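# Descriptive analysis of the structure
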Amino acid sequence: MTNRLELSGVIVKALRRTQSPAGIPHCHFVLEHRSTQEEAGLPRQVYCCINVVVSGKGLQTLTQDLALGSHIQVAGFVSYQTGRNGLGKIVLHAEHIENI
């Protein structure tokens, strides 16, 4: 099955770095996307915010130049996560990030 998402936008929540109990580094941030897309032959303004996580020692180099306000394009897979408050959310697990 395919699970792939590519999205561009602006980092709107400061990067937060954590480490799992197993020692795996994680970098978390929120990406905001705004654009005009065509739907049913008409232009539509679209907006979304998505939580992004970058995991693993090799992928942390992708985040070293990122900061609040960075314009980036992210590609990866999505997963459902339940937070400590019991609320669920979709998270984009980044495998590729580039500044735009």
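Not measured: the values here are computed from a predicted model. (Residues numbered from 1 in each chain as written. Predicted model: local features only at pLDDT ≥ 70, side-chain atom pairs only at ≥ 80, totals over all residues. Heavy atoms only, no water.)

## Considering the overall build of the protein chain
Scanning the protein chain from N- to C-terminus turns up zero helices and five strands. The helix and strand sequence of the protein chain, counted from the amino end, reads β-β-β-β-β. Structurally, the protein chain occupies a C-alpha span of about 50 × 30 × 30 Å along its principal axes. Counting across all 100 residues of the protein chain, residues that qualify as buried make up 31%. Once local pairs closer than 6 in sequence are excluded, the contacts in the protein chain between residues at least 24 apart make up 53%. Carbon and sulfur atoms make up 53% of the accessible area of the protein chain, which amounts to about 6,700 Å² in all. The average position of the 9 basic charges and that of the 7 acidic charges among the side chains of the protein chain differ by 15 Å. (Helix = DSSP H or I, 4+ residues; strand = E, 2+ residues; numbered from the N terminus. Buried < 20%, exposed > 50% of the residue type's maximum accessible area, 1.4 Å probe, protein only. Contact = heavy atoms within 4.5 Å. Areas by Shrake-Rupley, 256 points an atom, 1.4 Å probe, with all protein chains shown as cover. Lys, Arg positive; Asp, Glu negative; His and termini not counted. Charge placed at Lys NZ, Arg CZ, Asp CG, Glu CD.)

## Comments concerning a positive patch on the surface
Residues Lys13, Arg16, Arg84 and Lys89 make up a contiguous surface patch of positive charge. Residue position: Arg84 is located in the loop between strand 4 (71-82) and strand 5 (88-99). Relative accessible area serves as the criterion here: at 93%, Arg84 is assigned to the exposed category. (Patch = residues over 30% accessible without salt bridge, like charges linked within 9 Å, V, L, I, M, F, W, Y side chains within 5 Å. Salt bridge = Lys/Arg side-chain N within 4 Å of Asp/Glu carboxyl O.)

## Notes on the pattern of salt bridges
Should their charged atoms come close, side chains of opposite charge can pair. For the structure shown, the criterion picks out three salt bridges. Note that Glu95 is salt-bridged to Arg4, the shortest N-O span being 2.5 Å. In this pair, Glu95 sits in strand 5 while Arg4 sits in the segment before strand 1 (5-19), placing the two residues 91 residues apart along the sequence.

## Focus on unusual backbone geometry
The backbone of Ala40 sits at a positive phi, close to 55°, despite the residue not being glycine. In this fold, Ala40 is placed in the loop between strand 2 (25-39) and strand 3 (42-55).

## Topic: the nonpolar core
Counting 14 residues, the largest nonpolar core has Phe29, Leu31, Val52, Ile72, Val74 and Ile97 as the members making the most contacts within it. When residues no more than four places from it in sequence are discounted, the contact partners of Ile97 are Phe29, Val54, Leu62, Thr63, Leu66, Ile72, Gln73 and Val74. (Core = buried A, V, L, I, M, F, W, Y, C linked by side-chain atoms within 4.5 Å.)

## Digging into the pairing of strand 3
Pairing of strand 2 with strand 3, which is carried by 14 bridges, proceeds in the antiparallel orientation. Residue pairing for strand 3: Glu39 is matched across the bridge by Leu42. The antiparallel hairpin formed by strand 2 and strand 3 contains two residues in its connecting segment, where Ala40 sits at a positive phi of about 55°. One ladder, built from three bridges, connects strand 3 with strand 5; its direction is parallel. (Pairing = 2+ DSSP bridges.)

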